[in-house]
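Take a look at the letters that make up each chain.
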Protein chains: 2
Amino acid sequence: MDIDAKELFSALSHDIRLRCIILLLSHDELCVCEVTYAIGVAQPKISLSLGQLRKIGLVKDRREGLWIHYHINPDLPLWVKELLYKLHQGVKNAAPYINDETVVAAMPNRPGAPRCA
Amino acid sequence: MDIDAKELFSALSHDIRLRCIILLLSHDELCVCEVTYAIGVAQPKISLSLGQLRKIGLVKDRREGLWIHYHINPDLPLWVKELLYKLHQGVKNAAPYINDETVVAAMPNRPGAPRCA
DNA sequence: TGATTATATTCAAAAAAATATATATTCAAT
DNA sequence: ATTGAATATATATTTTTTTGAATATAATCA
């Protein structure tokens, strides 16, 4: 697994994509409906964002029936994982990220139980 | 000192700006002519890139006679410094960054002695 | 003062990216 | 098969960013 630094940063330089990544960084995985609910924008926009993140290898998806679950690609180079960890650590308690977290935690009828911390 | 994550990543999602930052991460400071020499593109392009990095607070400059020396802003939030450190660690030995380093190290008539490691 | 060196800014054109809307796909259940 | 639910893709339009060339500024020195 290889990733280009410029592509990585292009991916992160977009509000919605950034919020998706921050959300995924605190969950083992989330399905599209959960991300959509958390961020509160139209579904095609979330799908597009997640698709772009997937295209450059930052995240992977897993289908389970109707749902598609996304997660951070575990095969990313170590430095990228560490960089993402620093990012998460740095912004997770600020708006809008912390709010996204609160919203998804309160989502009714989630496809699976909440997975991570 | 505060910095917006999206702005940070926008700044880094550009070849020249990224090469500037990587260069500055391994030197206490570099003047515009050194960065220009290292990267090998037209001077106005380097000035513009450094100016953009300065505008969002990622770097600062210091005038010394005709030269303007740039350095990473020491007042960045810790998480940003750590993130940049991970980035540097991750890419410094890859092209084109390692080559930029070699080129600047061999530059004749540098304004000051090489400063860092 | 005038020339020179180092750096910065401006501006129009080109390229790239984002947006919104509409539509398509995929799967499951009836 | 038809329906409905979850997700994905396509397209046209708008907005933002990048580029290159020309020009401007700022400091030094003769």
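Here, every reference points to the structure presented above.
Attention here is on the structure that accompanies the text. Please read all numbers here as calculations on a predicted model, not as lab measurements.

**A closer look at the protein's contact with DNA strand C**
Neighbouring DNA strand C are 19 residues, the closest being Lys45 of chain A together with Cys33, Gln43, Ser47 and Tyr70 of chain B. Within 4 Å of the protein, the atoms of DNA strand C are drawn from sugar and phosphate moieties in a proportion of 66%. At 3.3 Å, a backbone N or O of Ile68 of chain B approaches a phosphate oxygen of DNA strand C. Note that a phosphate oxygen of DNA strand C is positioned 2.7 Å from one of the side-chain N or O atoms of Tyr70 of chain B. Within the residue set of the surface near DNA strand C, elements represented by two or more residues are helix H4 (43–55) of chain A together with helix H3 (32–39), helix H4 (43–55) and strand E3 (67–72) of chain B. The greatest single-element share of the surface near DNA strand C, amounting to 4 residues, is contributed by H4 of chain B.

**Focus: the interface of chain B and chain A**
Listed by partner, the interface residues are 18 residues for chain B and 18 residues for chain A. Of the roughly 1,600 Å² buried between chain B and chain A, counting both surfaces, carbon and sulfur atoms make up 74%. Three residues stand out in chain B for area buried against chain A, namely Phe9, Trp79 and Lys86 of chain B, and they jointly supply 35% of the buried area on that side. Scanning the region where chain B abuts chain A turns up 4 salt bridges. The shortest N-O distance in the salt bridge between Asp15 of chain B and Lys6 of chain A comes to 3.8 Å. On the surface where chain B and chain A come into contact, there are 2 residue pairs in polar contact (both at pLDDT 80 or more). For the side of chain B that touches chain A, the elements supplying multiple residues, two or more each, are helix H1 (5–12), helix H2 (15–25) and helix H5 (78–91) of chain B. With 8 residues, H5 of chain B is the single largest residue contributor to the side of chain B that touches chain A. Of the residues that constitute the side of chain B that touches chain A, the class distribution is 9 nonpolar, 5 polar and 4 charged.

**Considerations on the packing of H3 of chain B against helix H6 (residues 97–105) of chain B**
All names here are of chain B. At a closest axis distance of 8 Å, the pairing of H3 and H6 adopts a crossing angle of 125°. As the angle between them shows, H3 and H6 are arranged oblique. The hand of the H3/H6 crossing is right-handed. Between H3 and H6, the residues in contact are Glu34, Tyr37, Ala38 and Ile39 and Asp100, Val103 and Val104, respectively. For the contact of H3 with H6, the per-class residue count stands at 5 nonpolar, no polar and 2 charged.

So, how was this worked out
- Residues numbered from 1 in each chain as written.
- Chains lettered and ligands numbered in written order.
- Predicted model: local features only at pLDDT ≥ 70, side-chain atom pairs only at ≥ 80, totals over all residues.
- Heavy atoms only, no water.
- Near = heavy atom within 4 Å.
- Polar contact = N/O pair within 3.5 Å; in protein donor to acceptor, adjacent residues only side chain to side chain.
- Helix = DSSP H or I, 4+ residues; strand = E, 2+ residues; numbered from the N terminus.
- Contact = heavy atoms within 4.5 Å.
- Buried area = accessible area lost by both parts, 1.4 Å probe.
- Salt bridge = Lys/Arg side-chain N within 4 Å of Asp/Glu carboxyl O.
- Nonpolar A, V, L, I, M, F, W, Y, C, P; charged D, E, K, R; others polar.
- Axes fitted to C-alpha atoms, helices over the stretch in contact; angles between N-to-C directions.
- Parallel < 35°, antiparallel > 145°, perpendicular 65-115°, else oblique.
- Left-handed = near helix turned anticlockwise from the far one by under 90°.

The analysis is restricted to geometry; functional conclusions fall outside its scope.
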